[in-house]
Amino acid sequence: MPAPRNPGRTREQILDAALGVIADRGHAGTTMQRVADTAGVDKALLHYYFTSKAGLLAAAIVHLGDRLLADVEAAVAGLDDPAEVVEVGFGTMWDHVVGDPRLHAAWLSLYAAAITDPALAEPVRKVRARYREMVRARLSAMLAAGWRASLPDAAMVTLVLASIDGFTVALLEDGRTPALDEAIAATQEMVRALFGRA
């Protein structure tokens, strides 16, 4: 099979199609043929890029992680005030969740599958490590700017990531509700209150 004319774009098109299929059918219901059909490419092209379903899913995890983290990392870069970091960082992430809940459904499907599927565990671990590192970097910047946190770094990172994950599940289950908005606002205020001047 000849190589595609625009390999970067074709690969991205396939990965976007894979995320759509995963969001609709879950990890188990995703097949190479469904992804090829959704992407509008020959199935052989998927094998050219990814070799197997496991390779495709691993690449989709990294692709999704890159996509979600890029905007959040850019939005919080250089911020060292806790109120700004919480508002801008969480706001940017939440805009992604609300703007395209299917992407987050795909992420949660892959995240859950990685618990029992060793082929997915490593790429999920790498994406989660990038999330943790981004939160840690902002914590370090805040501490360097004279703020102190009333929780250790590891606990703060866990609180932030678990909150986002939990709110995403709530949105996917029930949609955006006043109760969810209130819970998000309360959590943001709680996180801000965990910081004070040294």
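These figures come from a predicted structure and were not determined experimentally.

Peer 1: Help me understand the packing of aromatic side chains in this model?
Peer 2: A ring pair, where both rings are aromatic, is described by two values, the distance of the centres and the angle of the planes. Evaluation of the coordinates by the stated rule reveals six aromatic pairs. Above the plane of the ring of Trp147 lies Arg197, whose end atom (NZ or CZ) is 4.1 Å from the centre.

Peer 1: Sorry if this is basic, but what is going on with the confidence of the model for the chain here?
Peer 2: Reading predicted coordinates in detail is not appropriate for stretches of low pLDDT. Averaged over all residues, the pLDDT of the chain equals 92, while 96% of them reach at least 70. Ranking the elements of the chain by mean pLDDT puts helix H1 (residues 7-25) last with 89 and helix H2 (residues 32-39) first with 96.

Peer 1: Just to check I follow, could you spell out helix H6 (residues 101-114) for this structure?
Peer 2: When the terminal C-alpha atoms of H6 are compared, their 20 Å separation across 14 residues agrees well with the 20 Å that a helix rising 1.5 Å per residue should span. Among all positions in H6, only Leu103, His104, Ala106, Trp107, Leu108, Ser109, Leu110, Ala113 and Ala114 are buried.

Peer 1: In this structure, what is going on with the pattern of salt bridges? I would like to understand it.
Peer 2: Opposite charge on two side chains permits them to pair, given that their charged atoms come into close proximity. A full pass over the atoms with the stated rule returns eight salt bridges. Note that Arg67 is salt-bridged to Asp16, the shortest N-O span being 2.9 Å. A residue pair is termed long-range when its members are at least 10 positions apart, and Arg67 in helix H4 (residues 53-76) and Asp16 in helix H1 qualify at 51 residues. Owing to a relative accessible area of 34%, Arg67 belongs among the partly exposed residues under this scheme. Looking at Asp16, the relative accessible area reads 28%, which means it is partly exposed. With its nearest N and O atoms 2.6 Å apart, the salt bridge here joins Arg102 to Asp24. With Arg102 in helix H6 and Asp24 in helix H1, this residue pair connects regions lying 78 residues apart in the sequence. Taking the relative accessible area as the measure of exposure, Asp24 reaches 56% and is therefore exposed. What you see here is one network of salt bridges that share partners, running through Asp66, Glu73 and Arg130.

Peer 1: Can you help me understand unusual backbone geometry in this one?
Peer 2: A negative phi holds for most residues other than glycine; trans holds for most peptide bonds. Look at Thr51: it is not a glycine, yet its phi comes out positive at around 70°. Summarising the element assignment, Thr51 is placed in the loop between helix H3 (43-50) and H4.

Peer 1: What should I look at first to understand the environment of Leu194 in this one?
Peer 2: Checked against the element boundaries, Leu194 lands in the loop between helix H9 (178-193) and strand E2 (195-197). In sequence terms Leu194 and Tyr48 are 146 residues apart; their C-alpha atoms lie 50 Å from each other. What Leu194 contacts, discounting residues up to four positions off in sequence, is Arg148, Ala149, Ser150, Leu151, Met156 and Leu159.

Peer 1: Where do I start with the nonpolar core in this structure?
Peer 2: Nonpolar side chains tend to gather and get buried jointly when the protein is soluble and globular. Ranked by internal contacts, the top residues of the largest apolar core, which has 60 residues, are Ile14, Val35, Leu46, Leu56, Trp94, Tyr131 and Phe195. Ranked by the residues each element gives to this core, the list is headed by H4, at ten residues. With near-sequence residues (within four places) excluded, Trp94 lies in contact with Phe167, Thr168, Leu171, Arg176, Leu180 and Ile184.

Parameters at a glance
- Residues numbered from 1 in each chain as written.
- Predicted model: local features only at pLDDT ≥ 70, side-chain atom pairs only at ≥ 80, totals over all residues.
- Heavy atoms only, no water.
- Phe/Tyr/Trp six-rings, centres within 6.5 Å; stacked < 30°, edge-to-face > 60°.
- Lys NZ or Arg CZ within 6 Å of the ring centre and 35° of its normal.
- pLDDT = per-residue confidence, 0-100.
- Helix = DSSP H or I, 4+ residues; strand = E, 2+ residues; numbered from the N terminus.
- Expected span 1.5 Å × (residues − 1).
- Buried < 20%, exposed > 50% of the residue type's maximum accessible area, 1.4 Å probe, protein only.
- Salt bridge = Lys/Arg side-chain N within 4 Å of Asp/Glu carboxyl O.
- Contact = heavy atoms within 4.5 Å.
- Core = buried A, V, L, I, M, F, W, Y, C linked by side-chain atoms within 4.5 Å.

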